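# Chains, contacts and geometry: an overview
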Amino acid sequence: MRRYTLPAIVLHWLIAIAIIGTFTLGLVMTDIQGITMTKLRYTNWHKWAGVTVLGLAALRLLWRLFNHPPQYADAMPAWQRGAAHGLHVLLYVLMFAVPLSGYFFSLAAGFPVVYFGEIPLPVLIGPDPELRALLRGVHYWLNMLLAALVALHVLAAFKHLLVDRDGVMQRMLPLPTPKEKR
């Protein structure tokens, strides 16, 4: 079975690490009571990580548009192929929707995003308390959906590794398997 290209593999794992880190940081920072220097620092890191996820997702989508992924395993039933395709589409949508909802939430709260404290992103909307409240909920629930779908994606990968043993998971591993080294 053909593997993903090296750029696709690198982008996959960079985005996975960035999403998990950004999500975790978001949970930690929102648990800090009041406004503290630590909470402000974590909030900025969270925003910067979100912008990074958005940029990496854009690169990944561009790569995927011009470099088709390997075919699914021949033994995979049609419903699993459809489910896998649907899950991947939703993951791509959320890789854009989550950071964008956070960006607009920050703007509606009156806090522009300055990437790494150096590069101001455009202020597309002004402060708006009603929109802020709406976008806070949207950002939260999109994150919860993304977390659930990432968990489903990981479970499906391990199903292919441990139950089906069809090589699907190995196509995205950063290192070749022992069989591939021969």
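With an unreviewed UniProt entry as reference, the protein chain is termed Cytochrome B561, source organism Massilia aurea. The Sequence similarities (unreviewed entry) field of the UniProt record for the protein chain holds the comment "Belongs to the cytochrome b561 family." UniProt's Cofactor (unreviewed entry) comment on the protein chain is quoted here verbatim: "heme b".

Along its length, the protein chain carries 5 helices and 2 strands. Helices and strands in the protein chain line up, N terminus first, as α-α-α-β-β-α-α. C-alpha extents for the protein chain along the principal axes are approximately 55 × 30 × 30 Å. When each of the 182 residues of the protein chain is scored for burial, the buried share is 31%. Look at the contacts in the protein chain between residues 6 or more apart in sequence, and 69% of them connect residues 24 or more apart. Counting 16 positive and 8 negative side-chain charges, the protein chain places the centres of these two groups 8 Å from one another.

For helix α4 (residues 129–164), spanning 36 residues, the distance from its first C-alpha to its last is 51 Å, which sits close to the expected 52 Å at 1.5 Å a residue. Those residues of α4 that sit buried are L135, H139, L142, N143, L146, L149 and H160. If you follow the buried residues of α4, they end up packed against α1 (6–31), α2 (37–66) and α3 (78–108). The backbone nitrogen of E130 lies 3.1 Å from a side-chain oxygen of the residue at the head of α4, namely D128. Following α4 by one or two positions, R165 adopts a phi angle in the positive range, close to 50 degrees.

Time to look at the packing of aromatic side chains. Overall, the coordinates contain 5 aromatic pairs when judged by the stated rule. Arranged with centres 5.5 Å apart and planes meeting at 35 degrees, the rings of Y42 and W45 form a pair that is tilted. Note that Y42 and W45 are positioned in helix α2 at a spacing of 3 residues, about one turn of the helix. You can call Y42 partly exposed: its relative accessible area is 22%. Judged by relative accessible area, which is 40%, W45 ranks as partly exposed. When the centroid spacing of 5.5 Å and the interplanar angle of 45 degrees are considered together, the rings of W48 and F116 count as tilted. Of this pair, W48 sits in helix α2 while F116 sits in the loop between β1 (114–115) and β2 (119–120), and the two are 68 residues apart along the sequence. The class of F116 is partly exposed, set by a relative accessible area of 47%. Taken together, the ring pairs in this structure connect W48, Y115 and F116 into an aromatic cluster.

As a further point, take the nonpolar core. Ranked by internal contacts, the top residues of the largest apolar core, which has 16 residues, are I19, L94, M95 and L146. Those elements giving two or more residues to this core turn out to be α1, α2, α3 and α4. Apart from the residues lying within four places of it in its own chain, the contact partners of M95 are I15, I19, V53, L54 and A57.

Rules behind the numbers
- Every chain is numbered on its own, with residues counted from 1 as its sequence reads.
- Selection of residues for local features in this predicted model requires a pLDDT of at least 70, selection of side-chain atom pairs for listing and counting requires 80 or more, and totals for whole chains, interfaces and linings are taken over all residues.
- Here the side-chain values reflect all heavy atoms present in the structure, with hydrogen atoms and water set aside.
- UniProt positions are given in the numbering used here, feature names are shortened, and annotations may be inferred rather than shown by experiment.
- Secondary structure counts use DSSP, requiring at least four H or I residues in a row for a helix and at least two E residues in a row for a strand, with both numbered from the N terminus.
- The cut-offs for exposure are 20% and 50% of the maximum accessible area for each residue type, with area from a 1.4 Å probe on protein chains only; residues under the lower value are buried, those over the upper are exposed, and the others partly exposed.
- Note on definitions: a residue-residue contact is assigned when non-hydrogen atoms from the two residues lie within 4.5 Å.
- Positive charges come from Lys and Arg, negative ones from Asp and Glu, while His and the chain ends are left out of the count.
- Throughout, a charge is located at the NZ atom of Lys, the CZ atom of Arg, the CG atom of Asp or the CD atom of Glu.
- Expected helix span is given by 1.5 Å per residue-to-residue step, counting one fewer step than there are residues.
- Polar contact criterion, stated in full: a pair of N or O atoms within 3.5 Å, where within protein one must be able to donate a hydrogen and the other to accept it, and residues adjacent in sequence count only if both atoms are side-chain atoms.
- Only the six-membered ring of Trp is used, alongside the rings of Phe and Tyr, when aromatic pairs are assigned; centres must lie within 6.5 Å, and planes under 30 degrees apart are stacked while those over 60 apart are edge-to-face, with the rest tilted.
- Throughout this description, the term nonpolar core refers to a set of buried Ala, Val, Leu, Ile, Met, Phe, Trp, Tyr and Cys residues connected via side-chain atoms within 4.5 Å.

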